[in-house]
Amino acid sequence: MLNKSIMDGDNPDLTEERMKGAFDTDKMAAVIYGSEKFAIRRREITESISRIPQLADSKPFSFMTREEKISESCRKLSVLSEHWNQLIDTNNEEEALHLYREVLGLEGHAFSLHETMFIPSLVAQANDEQQEKWLGRAKRREIIGCYAQTEMGHGTNLRALETTATYYPSTQEFILHTPTETALKWWPGALGKSSNYAVVVADLVIRDTHYGAHPFMVQLRDEKTHNPLPGITVGDIGPKMAFNGADNGFLGFNQYKLPRDHMLMRHSRVEENGTYTKPPHAKIGYSSMVKVRSRMAMDQGLFMVSALVIAVRYSAVRRQGFLDDKSREVKVLDYQTQQHRLFPSIARAYAFIFCGFETIQLYDQLLIDVKNGDTSGMSDLHALTSGLKSVVTHQTGEGIEQARMACGGHGYSMASYISEIYGVAIGGCTYEGENMVMLLQLARYLVKSVELVKTGKSKELGPMMNYLAEPDTQIDLTSGPEAYVKVFQHAARRQVWKATDKFHQLMESGQSRDIAWNNSAVELTRASRLHTRLYIMETFIRRVSSISDVSIKKVLIDLVNVHVNYEVLDIGTYALEHVSSTQLDSIRSQLYSSLDTLRPNAVSLIDSFQISDMQLRSVLGRRDGHVYTNLFEWAKASPLNQTHVLPSVNQYLKPMMDKAKL
Ligand SMILES: CCC/C=C/C(=O)SCCNC(=O)CCNC(=O)[C@H](O)C(C)(C)COP(=O)([O-])OP(=O)([O-])OC[C@H]1O[C@@H](n2cnc3c(N)ncnc32)[C@H](O)[C@@H]1OP(=O)([O-])[O-]
Ligand SMILES: Cc1cc2nc3c(=O)[nH]c(=O)nc-3n(C[C@H](O)[C@H](O)[C@H](O)COP(=O)(O)OP(=O)(O)OC[C@H]3O[C@@H](n4cnc5c(N)ncnc54)[C@H](O)[C@@H]3O)c2cc1C
């Protein structure tokens, strides 16, 4: 019995699963969260939160209106403000994010963009004097900020943003202006009602020359009254598919004056006389987006895990139907179809999180390099994170939806909370760059890489690209996970070359570059997906190989086996060009036996993420596993059940029925 936190009184079916686990979940948590120290800190923070009763939800979240959700998260933020220093090391971003996830969950709150985009924009884009002026205030939460870039008419095509920031040397001011309805900022999180400052992205104009998107620090509301300042129109954009605890907003400017030093000037500058200095890299102003994209594999992995914690625990207590023993119904987790539905997603979630660690570190390093004047790593990271955010958000959506269906009818109830997790997670397919668009960004890089190989410049290939120059070889599938990497390399290489060739041929046939690109776009996005999935698989295998603890490594190798077999089968149509159908049959058999091998560790693998009941907000997925009692209690709390006869019955139904009796 290695799962340390088995509690007396939990559902015996779950306890049995936890007893079966062949490894220590605390040790696995240390692997998942990157270090034993941080895994311990997470548990300490969770424990400290549980000792502050005001931080608990005041009623089940699913029964709250939007207004109540927003008010509840603000209430909790004010409680947190009394405890920041006692709960976390305020300089540690990961501790802060854990605290927010635990206390505020995933539906958004006033500080969500403040932490993820506003402060990072100041860190990356503001010069030293500007940081001196604003960064401390932002970090102390004296002000609340957001990131206002997207407009009603344009989110993807940043070159077409219509909001202008026109510089006038005579007054040394910019005038921010919203020239049309479509130029209204639309979507920024926490803009509608919470933020009093924003980093606003606007088209810089000096003496009729348009210099394109640049970031500006803009005060939106009076610090005393919180009323919008004159010249500013701001509000909430209304309810969304999910994320309804967040006040995504609109924002318009009417000739709004801004002092010259409010343009963020670390990389590009406007002098008093209007002289413009361009940045060392044209896309350096896009860094806040790269920062969030570099976190998305981790964040999406955690969304998927939340759904899986619910579905796997529930599947271990839900009994339905019979296998061998006709005296007792089986746990639905014993069905092969259930395992096939859930275990490959567990593997993907682990893989995403390991990739996430890598990309977060790469961004942190890039930030240092760029500060030192070295922008050479920007293209590599942009390409990598563009592909990764697209693949992980799409696969996370798929995984969460499978988790919901794996919970049968109760999965469809808000008691499971899976629909909310799904709604929030798939927002990621759109925000920080629509997935197709970002796959095409990676494709630009892949096409350029093939062009390097074709012109004999393979030595100039970026990281992860060498396989594009390698010849196809025979694959021996018995040689372990590395062989599956080879299958992916073959498939990705072939698709990248095929899409590039198509693009080149169309141009040779007379099509313009843009039209040829558009006519090759589906093939190009396929190439990007395969390349990214190869990266995910390689990272997963590399991380697992580096682990020294024997019992942890053993179960993670089992998980890698599920992953590689499932992924190769999933790209069957591409793999068939390198693997025979007989080999695919044998991969299928290996997948089924790897599901079997993993089965005893399934609950421990998801318990290892140590996601508290408070954070999970799922009645179905609670740690104690007392699903039916908890479900009934939850339903009783429904506002509809606070009275036997609803006013609408007396007003409409009863008169209607009475009339029918006459
Ligand atoms: C909780 C939720 C919070 C959500 C918040 C949000 O959503 S906030 C809002 C989020 N909004 C979005 O995410 C908006 C999504 N849209 C965008 O990010 C951009 O409009 C774009 C990248 C799609 C195109 O931009 P463009 O038209 O300016 O460029 P182009 O296509 O003509 O390519 C020219 C060259 O630039 C390169 N390059 C590009 N970016 C980078 C980079 N970061 N670094 C390095 N390089 C970069 C590119 O590879 C290409 O190189 P090549 O091949 O010539 O060597
Ligand atoms: C939950 C959520 C939170 C958000 N938070 C913020 C925020 O805090 N701050 C902020 O500034 N913005 C925010 N946004 C906005 C978000 O960044 C944009 O919606 C996103 O970048 C997509 O842009 P779009 O809406 O213009 O989509 P569009 O570009 O209009 O996409 C519509 C369709 O057109 C396709 N398309 C567009 N261009 C191309 C192309 N070149 N090639 C091929 N296909 C193309 C897309 O693939 C898509 O299928 C948020 C959005 C959401 C949903």
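Rules used throughout
- Sequence order as written defines the numbering, with residues in each chain counted from 1.
- To label them, take the chains in the order written and letter them from A, then take the ligands in the order written and number them from 1.
- Local features in a predicted model are, by the rule used here, given only for residues with pLDDT of at least 70; side-chain atom pairs are given and counted only at 80 or more, and totals for whole chains, interfaces and linings are based on all residues.
- UniProt positions are given in the numbering used here, feature names are shortened, and annotations may be inferred rather than shown by experiment.
- Helix and strand assignments follow DSSP, with helices taken as H or I runs no shorter than four residues and strands as E runs no shorter than two, numbered in order from the N terminus.
- Note on contacts: each residue gets a C-beta atom placed from the backbone, and two residues are in contact if those atoms are within 7 Å.
- Burial is judged by counting the other C-beta atoms within 10 Å of a residue's own C-beta: 20 or more makes it buried, 12 or fewer makes it exposed, and any count in between marks it as partly exposed, with every C-beta position built from the backbone.
- Defining nearness, a residue is near a molecule or strand when the C-beta atom obtained from its backbone falls within 6 Å of it.
- Under the scheme applied, nonpolar residues are Ala, Val, Leu, Ile, Met, Phe, Trp, Tyr, Cys and Pro; charged residues are Asp, Glu, Lys and Arg; polar residues are all the others, including Gly.

As named in an unreviewed UniProt entry, the chain is Acyl-coenzyme A oxidase, taken from Caenorhabditis remanei. Looking at the Subcellular location (unreviewed entry) heading of the UniProt record, one finds this comment for the chain: "Peroxisome". One UniProt comment on the chain, placed under Sequence similarities (unreviewed entry), says "Belongs to the acyl-CoA oxidase family."

A word on the UniProt feature "active site" (unreviewed entry) in the chain. As annotated by UniProt and renumbered to match this structure, "active site" (unreviewed entry) occupies Glu-432. Structurally, the position occupied by Glu-432 is in the loop between α13 (418-427) and α14 (435-454). With near-sequence residues (within four places) excluded, Glu-432 lies in contact with Met-289, Val-292, Arg-293, Met-296 and Lys-389.

What follows is about the UniProt feature "binding site: FAD" (unreviewed entry) in the chain. Within this structure's numbering, the places UniProt gives as "binding site: FAD" (unreviewed entry) are Thr-150 and Gly-189. Across 40 residues in sequence, these annotated residues keep their C-alpha atoms within 10.6 Å of one another, forming a single compact spot. Within the fold, Thr-150 resides in the loop between β1 (145-148) and β2 (164-168). Sequence-distant contacts of Thr-150, that is, excluding residues within four places in its chain, are made with Gly-155, Lys-185, Trp-186, Trp-187 and Pro-188. Inspection of the secondary structure assignment puts Gly-189 in the loop between β4 (185-186) and β5 (197-206). Using a count of 25 C-beta atoms within 10 Å as the deciding quantity, one classes Gly-189 as buried. In this structure Gly-189 touches Gly-108, Ser-112, Leu-113, Cys-146, Ala-246 and Asn-248, once residues within four positions along its chain are discounted.

Further remarks concern the site of ligand 1. As a matter of local geometry, ligand 1 sits amid 22 residues, with Lys-283, Tyr-286, His-382, Tyr-431 and Gly-433 nearest to it. Mapped onto the shell around ligand 1, the elements with two or more residues apiece are α9 (287-317), α11 (378-406) and α14. The class makeup of the residues in the shell around ligand 1 is eight nonpolar, 10 polar and four charged.

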